[in-house]
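Here is what each chain is made of, one letter per residue.
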Amino acid sequence: MNDKLFRIILILTACIMPLVCGGILYALVTDAYDAFYNFGFFNFLFSSQWSYTEGNEIYGALPFIVGTLMTTALALFFCIPFSLPVALFVGEYFKGTRIAAVLSTVTDLLAGIPSIIYGLWGFFTLRPIIMALDISPQGSSILTASLVLAIMIVPYAASLSAEFIKMVPSDMKEGAYSLGATRFEVIRKVVFPVAGSGIFSSYILAIGRALGETMTVTMLIGNTNQIPDSITATGNSMASIIANQFGEADGLRLSSLIAIGLILFLITAVINMIGKIMIKRARIS
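First things first, this report covers the structure right here in the doc. Counting starts from 1 at the beginning of each chain's written sequence and moves along it residue by residue. Selection of residues for local features in this predicted model requires a pLDDT of at least 70, selection of side-chain atom pairs for listing and counting requires 80 or more, and totals for whole chains, interfaces and linings are taken over all residues. Hydrogens are left out, water is left out, and the side-chain values use all remaining heavy atoms of the structure.

Let's talk about the environment of Ala 206
- Note on placement: Ala 206 falls in helix H8 (residues 183-212).
- Classification of Ala 206 by relative accessible area gives buried; the value is 0%.
- Two residues qualify as a contact provided that any one of their heavy atoms is within 4.5 Å of a heavy atom in the partner residue. Apart from residues lying up to four places away in sequence, Ala 206 is in contact with Ile 153, Tyr 156 and Ala 157. What counts as a helix is a DSSP run of H or I of at least four residues, what counts as a strand is a run of E of at least two, and both are numbered from the N terminus. Three exposure classes are used, based on accessible area relative to the maximum for each residue type with a 1.4 Å probe and protein chains only: buried under 20%, partly exposed in between, and exposed over 50%.

Rendered as structure tokens:
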């Protein structure tokens, strides 16, 4: 009887997540219907206009999709060269030492800092530096937001990657050393192939965090409703436009903001699906 009850509890608990996901998707689709009905799904998706003038309302999501993808891609580009060495330092080269324990603790601490703190740091520290170097006149830009996003996700990706690196069996590495392999060769031919799928998944999770980041991007991206023509231009992301305008929006404008939220939900889901497929292929090969 206890086993049956436990099994029922497990099944009910397991069903909660699909129900929550389905409920979120249903609510977004329902509330975004007016925007898609008035503008058409693809017109809304690829239109660059955003005007909430009464009687002449036109809304399109393209500037915010471009802004989101640009900031996320740049953040990942800046993140990998810093997070991977930290993961190797903690998980392989100095594994088990005091300095690795200290660095691991600091990395975990940085990963847990609220995003608003990073936003404040970027606004009062990095933004003036960008202005002083004359990279961006206002200091706020796609580049500024991406740099702070990268700093945010470096500890997150490094911490997760280090855990996967630590899980590589010692006997596999010792076998490679016994055959005369160098430390670099062991990492390249043993650690990366074994822990590669886990490391890759850590970056997929990091991308997920960067895609939906709100406050940091809102404070640093410039908040202009236009398609950025370079990384030093200002722009807006899907999360930042929702944060900026949701409180005062109603009617068709509110529906359009919710439609942007739905698109962000779908983009995140697609990226996660692609990541899982690539991880599965890597494991098979």
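Having seen it, we continue.
A look at the packing of aromatic side chains
- Only the six-membered ring of Trp is used, alongside the rings of Phe and Tyr, when aromatic pairs are assigned; centres must lie within 6.5 Å, and planes under 30 degrees apart are stacked while those over 60 apart are edge-to-face, with the rest tilted. In this structure the tally under the stated criterion is 10 aromatic pairs.
- Measuring from ring centre to ring centre gives 5.7 Å for Tyr 33 and Tyr 37, while their planes differ by 25°; the resulting arrangement is stacked. Pair noted here: Tyr 33 and Tyr 37 are both in helix H1 (residues 2-39), with a separation of 4 residues, about one helical turn.
- What makes Tyr 37 exposed here is its relative accessible area of 61%.
- For the ring pair Trp 50 and Phe 64, a centre distance of 5.1 Å and an interplane angle of 90° mean the geometry is edge-to-face.

Brief notes about empty space enclosed by the protein
- Think of a 1 Å grid over just the protein atoms. A cavity is a set of points where a 1.4 Å probe fits yet cannot get out, a pocket is an open set with protein on both sides within 12 Å along at least five of seven lines, and lining residues have an atom within 4 Å of a point. Grid points are joined across faces, edges and corners, and a volume is the space filled by probe spheres set on the points. Under the counting rule described, the total for this entry stands at 1 cavity of 30 Å³ or more.
- Looking at the largest cavity, its volume works out to about 50 Å³.
- Elements represented by at least two residues in the lining of the largest cavity include exactly helix H3 (62-93), helix H4 (98-111) and helix H6 (142-166).
- Among the elements that line the lining of the largest cavity, the one with the most residues is H6, at 4 residues.
- Gly is placed with the polar residues, together with every amino acid not listed as nonpolar (Ala, Val, Leu, Ile, Met, Phe, Trp, Tyr, Cys and Pro) or charged (Asp, Glu, Lys and Arg). Looking at the lining of the largest cavity residue by residue, the class counts come to 5 nonpolar, 3 polar and 2 charged.

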